[in-house]
Amino acid sequence: MHPRTSSSGLIVFAILHHVSLALYLLCSALAVFSHYSSDREVWMYLSLIPLIPMAVFQSLILHRGWRSVQDGAAQTTPGKAVGYCFIPFFNFYWNFIAHVGLMKEFNRLADTRGRPEQKVTEGFSLTYCILIATICLANLATPFGVVFIWQTIGAVKDLENS
């Protein structure tokens, strides 16, 4: 049977992720548009600081999403889904399993329960993973990552309420 997973805290995690994202984008913009090279370097290094809470909050949401689909038939465990994303080079492959796989698990559970209206779009997470894997286009993945976060929160809430 499907374990009960609380969605409480997910919205707070998402808001904190988005605040960190905004700080990152602000510092990055200031680094790009700074007139002096010394200021540019300071803003560039300051823009790296918000990346840590962004990764933490996205990992917490990813973990909670995987925890909500654990019914004995899930593709992976929550710990593997998050932990393997931090293995250098392997994470280019594993991001597809962790992110796209989670959306597939949400859709599998929606089909199993006979609730097609609870299906999520896998395309956003696939686009996110492709852009992250290209490295040079990783900044373009930001909006897709935000959509992934809100899709995960919505799907966890749907599972919680079904």
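Everything numeric in this text was worked out from a predicted model, so none of it was measured.

Novice: How do you make sense of helix α3 (residues 51-68) when you look at a structure like this?
Specialist: Helical geometry: 3.6 residues make up each α-helical turn, so side chains three or four residues apart lie on a common side. Counted at 1.5 Å a residue, the expected span for α3 with its 18 residues is 26 Å, and the 26 Å between its end C-alpha atoms agrees. All of the buried residues along α3 are Met 54, Phe 57, Gln 58, Ser 59, Ile 61, Leu 62, Arg 64, Gly 65, Trp 66 and Ser 68. If you follow the buried residues of α3, they end up packed against α1 (10-33), α4 (78-83), α5 (90-112), α6 (123-133) and α7 (142-161).

Novice: Is there a simple way to explain the packing of aromatic side chains in this structure?
Specialist: How two aromatic rings sit relative to each other is given by the distance of their centres and the angle of their planes. Within this structure, the stated rule accounts for seven aromatic pairs. Taking the centre distance of 5.9 Å and the plane angle of 75° together, the rings of Tyr 84 and Phe 90 count as edge-to-face. Their ring planes at 25° and their centres at 5.8 Å tell us that Phe 90 and Trp 94 sit as a pair that is stacked. Linking Phe 90 with Trp 94, this pair stays in helix α5, spanning four residues, or about one helical turn.

Novice: Which parts of the structure should I look at to understand the pattern of salt bridges?
Specialist: Think of it this way: side chains of opposite charge can pair up when their charged atoms draw near. As enumerated under the stated definition, the model contains three salt bridges in all. One salt bridge connects Asp 71 with Arg 108, and the closest N-O pair in it is separated by 3.0 Å. Of this pair, Asp 71 sits in the loop between α3 and α4 while Arg 108 sits in helix α5, and the two are 37 residues apart along the sequence. Residue Arg 108 pairs with Glu 105 through a salt bridge whose shortest N-O separation is 2.7 Å. Linking Arg 108 with Glu 105, this pair stays in helix α5, spanning three residues, or about one helical turn. Overall, the relative accessible area of 7% leaves Glu 105 in the buried class. Each of Asp 71, Glu 105 and Arg 108 takes part in a single network of salt bridges with overlapping partners.

Novice: Can you help me understand the nonpolar core in this one?
Specialist: If you look at soluble globular proteins, the nonpolar side chains tend to sit buried side by side. Core analysis: the biggest nonpolar cluster contains 25 residues, and Leu 62, Trp 66, Val 69, Ala 98, Leu 102 and Phe 106 have the highest contact counts within it. Of all the elements, α5 adds the most residues to this core, at seven residues. Every residue in contact with Leu 102, bar those within four places of it in the chain, is listed here: Leu 62, Gly 65, Trp 66, Val 69, Ile 97, Phe 148 and Thr 152. The next biggest cluster of nonpolar side chains, apart from the first, holds five residues, and it includes Val 100, Tyr 128, Cys 129 and Leu 131.

Novice: Explanation requested: a nonpolar patch on the surface in the structure shown.
Specialist: On the surface, a nonpolar cluster with roughly 600 Å² of combined accessible area is contributed by Ile 11, Ile 15, Val 19, Leu 23, Leu 26, Leu 30 and Trp 150. With six residues, the top contributor of residues to the nonpolar patch is α1. Its place among the elements puts Ile 15 in helix α1.

Cut-offs and rules
- Residues numbered from 1 in each chain as written.
- Predicted model: local features only at pLDDT ≥ 70, side-chain atom pairs only at ≥ 80, totals over all residues.
- Heavy atoms only, no water.
- Helix = DSSP H or I, 4+ residues; strand = E, 2+ residues; numbered from the N terminus.
- Expected span 1.5 Å × (residues − 1).
- Buried < 20%, exposed > 50% of the residue type's maximum accessible area, 1.4 Å probe, protein only.
- Contact = heavy atoms within 4.5 Å.
- Phe/Tyr/Trp six-rings, centres within 6.5 Å; stacked < 30°, edge-to-face > 60°.
- Salt bridge = Lys/Arg side-chain N within 4 Å of Asp/Glu carboxyl O.
- Core = buried A, V, L, I, M, F, W, Y, C linked by side-chain atoms within 4.5 Å.
- Patch = residues over 30% accessible without salt bridge, like charges linked within 9 Å, V, L, I, M, F, W, Y side chains within 5 Å.
- Areas by Shrake-Rupley, 256 points an atom, 1.4 Å probe, with all protein chains shown as cover.

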